[in-house]
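# Topology and contacts: notes
Listed below are the residues making up each chain.
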Amino acid sequence: METSYQGGVAEDETDDFQRLSQTIASNVKKISQNVSSMSKMVNQLQTPQDSQELRNQLRQIQNYTQKLAKDTSTILMELMKMRVNQTAQKLQRERLSDEYISTLNTFLATQKLAAQKTKEDIRKAKAQSINIPPPPPGVNSNKDPWDDMGDSNIRKQEQLTMQTERELQELAEREGHIRQLENDILDVNQIFKDLGTMIHEQGTVVDSIESSVECALDNVENGTQELRQAANYKNKIRKKKVYLAIVLIIVISIILIIIFNH
């Protein structure tokens, strides 16, 4: 019964390992595809193809990929903590870890490029808002409000004010986006730190296990040598007893012969 239970536990662990591995592989593929799309969008920023719709799409895919990266990191850490005995599983886990870290590096580089371009846009927008031209001349309270020229100038000023307000609103949105993007970059950096710590700890554990195995092998070899020495010692004692018995028999035989002859 105990063997059957242990076998069931081993099978469950293998199933969990495969399930987590498949999830990580699928997520890494999605992240890679999203990063490829993000890279194309980032390259279109500050070009004639740039638009608010493009920026909104970029923000949506970036947010989704950020969440997917966090979830994948959690699953990978769970996989790293699992006890694996098969060499194939160890190699599979290392391969998934390398692929995820490589994809995460590309994602981080794309985020940084997007943040850099967004900051440049914000600086340009602020510079333009400072250089807003003053109201056109000829607009004052003495003019007839129904004067064609005055009415035209007022409409232009209103349009300019509305445009400025829209630009300031977009500027505020971009500043909020850049703050969120910088926080996301910090989160990705934290993922790298956590993974690095986990991999380092796993390496320490592996070294400790190898050391324990080597120590156990040394103990086994020492024990084997002691057993051999004990066996040799017993054999020597046994041989000595046999020799003593033979000598004793010979002595007794000689004594008996002497007695019978007398």
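Before going into details, it helps to say that this report is about the structure given with it. Nothing here was measured: the structure is a model prediction, and the numbers come from that model. (Residues numbered from 1 in each chain as written. Predicted model: local features only at pLDDT ≥ 70, side-chain atom pairs only at ≥ 80, totals over all residues. Heavy atoms only, no water.)

### So, unusual backbone geometry
Note the cut-off: Going along the chain from the N terminus, every DSSP run of H or I of four or more residues is numbered as a helix, and every run of E of two or more is numbered as a strand.
Phi at Gln 46 takes a positive value of approximately 65 degrees, unusual for a residue other than glycine. The topology assignment puts Gln 46 in the loop between α1 (2–44) and α2 (52–81).

### Observations regarding the pattern of salt bridges
Between side chains of opposite charge, a pair can form as their charged atoms come close. Rules: The working definition used for a salt bridge is a side-chain nitrogen of Lys or Arg within 4 Å of a carboxyl oxygen of Asp or Glu. Only protein chains enter the accessibility calculation, which uses a 1.4 Å probe; a residue whose area is less than 20% of its type maximum is buried, one above 50% is exposed, and one in between is partly exposed.
Throughout the structure, instances matching the rule amount to seven salt bridges. Taking the shortest distance from any N to any O, the salt bridge between Asp 16 and Arg 19 comes out at 3.8 Å. In this pair, Asp 16 and Arg 19 are both assigned in helix α1, three residues apart and thus about one turn of the helix distant. When its relative accessible area of 34% is taken as the criterion, Asp 16 is described as partly exposed. A salt bridge links Asp 187 to Lys 70; the shortest N-O distance between them is 3.3 Å. Remark: Lys 70 occurs in helix α2 and Asp 187 occurs in helix α4 (residues 148–261); sequence separation between them is 117 residues. Connected via shared salt-bridge partners are Asp 50, Arg 55 and Asp 121.

### Side note on the nonpolar core
Let me state the cut-off plainly: In this text, buried Ala, Val, Leu, Ile, Met, Phe, Trp, Tyr and Cys residues form a nonpolar core when linked through side-chain atoms within 4.5 Å. Contacts between residues were defined by any pair of non-hydrogen atoms, one from each residue, lying within 4.5 Å.
Counting residues in each nonpolar core, the largest one holds 38 residues, and the members touching the most others are Ile 24, Leu 58, Leu 76, Leu 79, Tyr 100 and Leu 104. Among the secondary structure elements, those contributing two or more residues to this core are α1, α2, α3 (87–130) and α4. Counting residues per element, this core draws most heavily on α2, at ten residues. Each residue touching Leu 58, except ones within four places of it in the same chain, is listed here: Met 38, Met 41, Val 42 and Leu 45.

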